[in-house]
Number of protein chains: 2
Amino acid sequence: MSDIDELLSIRAAELYYEEDKTQDEIGTILRLTRWKVGRLLAQAKANGFIRIEIVHPRARRLGLERALREKTGLTDAIVVSTAGLVDETDLHKRTALAAADYLTALRPVPRTLGISWGRTLHDISVQLKPGWASGVDVVQINGGVSLNARPGTAAATAVNIAQKGGGQFTLLPSPAILERVETKHAIATDRSVTAVLEMGSAASAYLFSAGQADAGSAHVDSGYLTVDQIDELVRKGAVGDIVGRFIDSAGQIVDPALNERTFGIPLEHLRRATTAIAVIAGPRKHAIARSVVLSRLCTVLITDEDTAAALLQTP
Amino acid sequence: MSDIDELLSIRAAELYYEEDKTQDEIGTILRLTRWKVGRLLAQAKANGFIRIEIVHPRARRLGLERALREKTGLTDAIVVSTAGLVDETDLHKRTALAAADYLTALRPVPRTLGISWGRTLHDISVQLKPGWASGVDVVQINGGVSLNARPGTAAATAVNIAQKGGGQFTLLPSPAILERVETKHAIATDRSVTAVLEMGSAASAYLFSAGQADAGSAHVDSGYLTVDQIDELVRKGAVGDIVGRFIDSAGQIVDPALNERTFGIPLEHLRRATTAIAVIAGPRKHAIARSVVLSRLCTVLITDEDTAAALLQTP
DNA sequence: CTAGCAGCTGCTCATATGAGCAAGATCGCC
DNA sequence: GGCGATCTTGCTCATATGAGCAGCTGCTAG
């Protein structure tokens, strides 16, 4: 396109989009026929000079959602827009809202919902409206007794989701990671615990988040792991954790010994699930999101547009 | 509007603007009539959820231009968009480009153009296309022999503009500010100098920029003033300088003694001019831009959208 | 209970816009 | 300088959209 046409297309776009003039009026102003104006506007669009953003906490990026579904084979993908975002808290809120909306609209309504815990799940439990479902039972799928930070939040999350959804809740009475493998095995044989794990393994849908493998990991806050231990995991290839288990970029368990001491349903149950909803958003979670999606740990991904775009880059 | 309608309007907007669906198709998807869809889209627009930006170096903000003209009585206002801007250099380039475009399209074509000097004017001289006019003579309106930094740029600017415009150039052979008032008067009586000043005073149009009053002032770089002297001027109320003369927020000379030693046409000549084009852009120039416009030192303002918005805030 | 009213809905009709096509302009290539 | 190839232009016609209006719904105040 000639330079003069490019300039004209910008002038036309200003009059069309900012001043709400018709193409005919623009033609009169710029001394062009209205067809020429139409073509200039089409060029401006084609050249990417016109950027249209939907600025709203509930705005989604349908194009990215479609691209994700097609490229990765996900059943569903929800991508929240980052337009007009002020800070990362805002991003978390939007993602949680999208997850709550998705859960509310999910059909068939799950009989039993297996959930993990953490900041993301807590946010979702807050965003869910009372009465979002009627009779959805909630069961924890990984150990959730926090060692030092905000005790009880893991339990509160499950309770909240269940109560707002008019169902029962079942907690997994165990830490996320045990010191000694013998303790793990001892607990795992307790009848009250195996019943919960069986219930979790038979859940009709799963809802979980993921943590990145760095000093900001929730495992560090909760006191289960030290920063040094995380560093060691990263050296072994860890990109993050999912329901408490650290995986590499291929979705494989990084440290079998640690995994053995980790309490919760095995990752294979997620891989076999009909509905496994992963909610993973934020700039530090690109790697773990990619791993979860590519290794088919989820059937549904709820994320932000930057993470989605990163996911679409290489695979 | 109800909450549910708001959500629907966002879903409709996504389908309309991102997926290029017709309102009728959206109606089928969302189980609404196409008229309802049209109304939802209108609401989304009215609520400001739809943001349309024209991303292009030449994009302007016509709405702000009109508001500026109406509120301040300027003959013309050019407001360049900051959409998609990467850094401040980019902003300077866009503004200079807009000034060059404006000058090229200016009718009637000025016989003689009085110009100041500085980074902005230099940028404009670069952006002007050879042959932008035929036969426009250029004359410097304030002293421009730089003391230490990049000697000759002031002259080069004038030469460039004149040559590309097919006209003669006339330099003002004097420093911007003289040490002693006696020297100023001595120079001012020299025939070769008075001729230039007369020519400058009779110019048919003026093109000038402005400097902010802080340590980054061009006067500091050029060696005419020290940072301490600028601080002193600020204490007296200076917000910036125009053709070398420091003014306060009301457009009044701040330091009469310094003004007496400053070489160039008096500000009153700008105030009486038919066409006085001020090119002032950048976050640090909001105060001086306001002063110049409100005290009617220019008839045309070329600026960026942030400065324009700031200008429209209070007055 | 019901008259009055505000707001919403689905429609008709006028207008704005995009697709497609034939004629004209422009270009490069010899 | 001639001549086909390609690009651009102005058009017709079909479609999409917005304005305006009548009827309906639901709500409130007597």
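In this text the structure is predicted, and so the values were computed from the model without any measurement.

Draft legend 1. Structural context of the sheet that holds strand β11 (residues 300–304) of chain A. Residue and element names in this part refer to chain A. Reading across from one edge, β2-β11-β10-β6-β3-β4-β5 is the order of the seven strands in this open sheet, with parallel pairing throughout. Every other strand in the sheet has two partners, leaving β2 (76–80) and β5 (169–170) as the edge strands with one partner each. Contacts from helix α5 (residues 88–105) reach β2, β3 (112–115), β6 (205–208), β10 (276–279) and β11 within the one sheet, and its direction differs from that of β2 by about 145°.

Draft legend 2. Main features of the pattern of salt bridges. For the structure on display, the rule yields 28 salt bridges over all chains. Among the salt bridges present, the one from Glu18(A) reaches Arg61(B), with a minimum N-O distance of 3.2 Å. Within this pair, whereas Glu18(A) is found in helix α1 (residues 3–18), its partner Arg61(B) is found in the loop between β1 (50–54) and α4 (62–72), the two belonging to separate chains. Assessed through its relative accessible area of 25%, Arg61(B) is described here as partly exposed. Residues Arg58(A) and Asp101(A) are paired through a salt bridge, measuring 3.0 Å at the closest nitrogen-oxygen approach. Taken together, the residues span a long stretch of sequence, with Arg58(A) in the loop between β1 (50–54) and α4 (62–72) and Asp101(A) in helix α5 at a distance of 43 residues. For Arg58(A), a relative accessible area of 16% gives the class buried. Residues joined by salt bridges that share partners form a network here, namely Glu18(A), Arg61(B) and Glu305(B).

Draft legend 3. Region of the structure containing the protein's contact with DNA strand D. The environment of DNA strand D is formed by Thr33(A), Trp35(A), Lys36(A), Arg39(A), Tyr16(B), Thr22(B), Gln23(B), Arg34(B) and Arg39(B). The separation between a base oxygen of DNA strand D and a polar side-chain atom of Arg39(A) is 2.4 Å. For the surface near DNA strand D, the elements supplying multiple residues, two or more each, are α3 (34–46) of chain A together with α3 (34–46) of chain B. With three residues, α3(A) is the largest single contributor of residues to the surface near DNA strand D. Tallied by class, residues from the surface near DNA strand D come to two nonpolar, three polar and four charged.

Draft legend 4. The arrangement of the domain arrangement of chain A in detail. Partitioning chain A into domains gives domain 1 (3–46) and domain 2 (62–312). For domain 1 of chain A versus domain 2 of chain A, the distance between C-alpha centres works out to 50 Å.

Calculation notes
Residues numbered from 1 in each chain as written. Chains lettered and ligands numbered in written order. Predicted model: local features only at pLDDT ≥ 70, side-chain atom pairs only at ≥ 80, totals over all residues. Heavy atoms only, no water. Pairing = 2+ DSSP bridges. Helix = DSSP H or I, 4+ residues; strand = E, 2+ residues; numbered from the N terminus. Contact = heavy atoms within 4.5 Å. Axes fitted to C-alpha atoms, helices over the stretch in contact; angles between N-to-C directions. Salt bridge = Lys/Arg side-chain N within 4 Å of Asp/Glu carboxyl O. Buried < 20%, exposed > 50% of the residue type's maximum accessible area, 1.4 Å probe, protein only. Near = heavy atom within 4 Å. Polar contact = N/O pair within 3.5 Å; in protein donor to acceptor, adjacent residues only side chain to side chain. Nonpolar A, V, L, I, M, F, W, Y, C, P; charged D, E, K, R; others polar. Domains from an automatic or database assignment.

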